[in-house]
Amino acid sequence: MDNLCSKRPIYKTYKDRVFRLLCNDKKRLLEIYNALNNTNYTDDTDLTINTLENAIFIKMKNDISFIIDCNLCLYEHQSTYCPNMPLRGFLYFADLYKKLLQGVDLSAGRQIKIPTPHYIVFYNGTEKEEEEFTQQLSDAFEDDGEGCIQLTVRTINVNLGHNKELMEKCSPLYGYACFVDIVRQNLKNMGMQEAVEKAVDECIEKNILKDFLTEQKSEVIAMSLYEYNEEYVRKTFFEEGMETGYQEGKEEGKAETLIKSVESVMQKFQVSLQKACEGVGTTVEDYDRARKELLPHKAGAPL
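Small disclaimer: the values here were computed from a predicted structure and weren't measured.

(A) Just the side chain of glutamate 76, in detail. Within the secondary structure layout, glutamate 76 lies in strand β5 (residues 71-78). A relative accessible area of 0% places glutamate 76 in the buried class. Of the polar contacts made by the side chain of glutamate 76, one reaches the side chain of arginine 88; its length is 3.1 Å.

Here it is, written out as structure tokens:
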């Protein structure tokens, strides 16, 4: 399949995920692939990363896709359960195949072979306890008909203590699980910045992803703070605080409560207006509308 593949650098930003950065190394990616498939590839040149640049679905950049042998693999990391992963994968695979088949005459009289797709999600959220579960595109169909298209997502729980056999075979996944667990434990009694920095230092000291964390320390910390800001906005504020906020809204007025809620998230978690709105389940447009609604009554008074 080499003629269908093109090697391009992976687009990186501090808004990427640590998991994506971890898998950007072909040796680690090959180790994960071998552990999942009971294979023993040793030459990382057998693997071609073909992640699409700037491909974003459901407000998150896809993590990594690659071709090895005759297989086209899409690996994603999720810290929250998302029922739309099959649809997301369907759209992403469609773009991948369009790129791979660019210039190929699909009206040819011979069958054109394409790499076999495999979609794996590595899940480390707290909503689901299963070791592994599958999702299918047909679950999203509006009726119960089978339709003519199917896509299956295999989701593997990579929280520490789950899928022990896989973890024993795969040091990158085990190391990642340890790092995430240490951060979460630290967050119980310290601030986010300290929790992440101490987790990085502890893992290095314990020889957990030592090379990766040493070489990429600043990026890992920056990405982790971004990730956990999102997680905290969603869990700490949205799940625990919004019920109180809405209750207070009955007395203070919905518009004022919405504004105070959004601005509280921005200040507390140091996130943008857009991220704060997402965290409290509203939009920037609704926030702006609420402010306009209140301005005539507040005469420009600060909220």
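Still more to cover.
(B) Summary view of the packing of helix α5 (residues 171-186) against helix α6 (residues 192-205). For the pair α5 and α6, the least separation of the axes is 8 Å and the interaxial angle reads 140°. Judged by the angle between their axes, α5 and α6 are oblique. Crossing geometry of α5 relative to α6 is assigned as right-handed. Every residue of α6 that contacts α5 at Phe179, Ile182, Val183 and Asn186 is listed here: Ala195, Val196, Lys198, Ala199, Val200, Glu202 and Cys203. Taken together, the residues of the contact of α5 with α6 break down into 8 nonpolar, 1 polar and 2 charged.

(C) Quick look at a nonpolar patch on the surface. A cluster of nonpolar residues, Leu87, Phe90, Leu91 and Ile149, forms a patch on the protein surface that exposes about 300 Å² of accessible area. Mapped onto the secondary structure, leucine 87 falls in helix α3 (residues 85-100). Judged by its relative accessible area of 39%, leucine 87 is partly exposed.

(D) Spatial organisation of the sheet that holds strand β4 (residues 64-68). Spatially, β1-β4-β5-β6-β8-β7 is the arrangement adopted by the 6 strands of the open sheet, whose pairing is mixed. Lying at the two open borders of the sheet, with one neighbouring strand each, are β1 (47-49) and β7 (132-136). The sheet shows a mean angle of 25° between the axes of neighbouring strands, direction not considered. Alignment of β5 against strand β6 (residues 116-123), held across 8 bridges, turns out to be parallel. When the bridges of β6 are listed, glutamine 78 appears paired with tyrosine 123. Sitting on the sheet, helix α2 (residues 26-37) is in contact with β1, β4, β5, β6 and β8 (152-157), with an inclination near 100° to β5.

(E) Highlighting the side chain of arginine 28. Locating arginine 28 in the fold gives a position in helix α2. Of the side chains with opposite charge, aspartate 25 comes closest to the buried, unpaired arginine 28, at an N-O distance of 4.4 Å. Reaching out from arginine 28, the side chain makes a polar contact with the backbone oxygen of leucine 22 at a distance of 2.8 Å. Here arginine 28 is in contact with Leu21, Leu22, Pro172 and Phe212, once residues within four sequence places are set aside.

(F) Structural view of unusual backbone geometry. The residue aspartate 69 is not glycine, and still its phi comes out positive at about 55°. Residue placement: aspartate 69 occurs in the loop between β4 and β5. Relative accessible area serves as the criterion here: at 49%, aspartate 69 is assigned to the partly exposed category. Backbone geometry at asparagine 207 places phi at a positive 65°, although glycine is not the residue there. Its location among the elements puts asparagine 207 in the loop between α6 and α7 (210-215).

Rules used in this analysis
Residues numbered from 1 in each chain as written. Predicted model: local features only at pLDDT ≥ 70, side-chain atom pairs only at ≥ 80, totals over all residues. Heavy atoms only, no water. Helix = DSSP H or I, 4+ residues; strand = E, 2+ residues; numbered from the N terminus. Buried < 20%, exposed > 50% of the residue type's maximum accessible area, 1.4 Å probe, protein only. Polar contact = N/O pair within 3.5 Å; in protein donor to acceptor, adjacent residues only side chain to side chain. Axes fitted to C-alpha atoms, helices over the stretch in contact; angles between N-to-C directions. Parallel < 35°, antiparallel > 145°, perpendicular 65-115°, else oblique. Left-handed = near helix turned anticlockwise from the far one by under 90°. Contact = heavy atoms within 4.5 Å. Nonpolar A, V, L, I, M, F, W, Y, C, P; charged D, E, K, R; others polar. Patch = residues over 30% accessible without salt bridge, like charges linked within 9 Å, V, L, I, M, F, W, Y side chains within 5 Å. Areas by Shrake-Rupley, 256 points an atom, 1.4 Å probe, with all protein chains shown as cover. Salt bridge = Lys/Arg side-chain N within 4 Å of Asp/Glu carboxyl O. Pairing = 2+ DSSP bridges. Lys, Arg positive; Asp, Glu negative; His and termini not counted.

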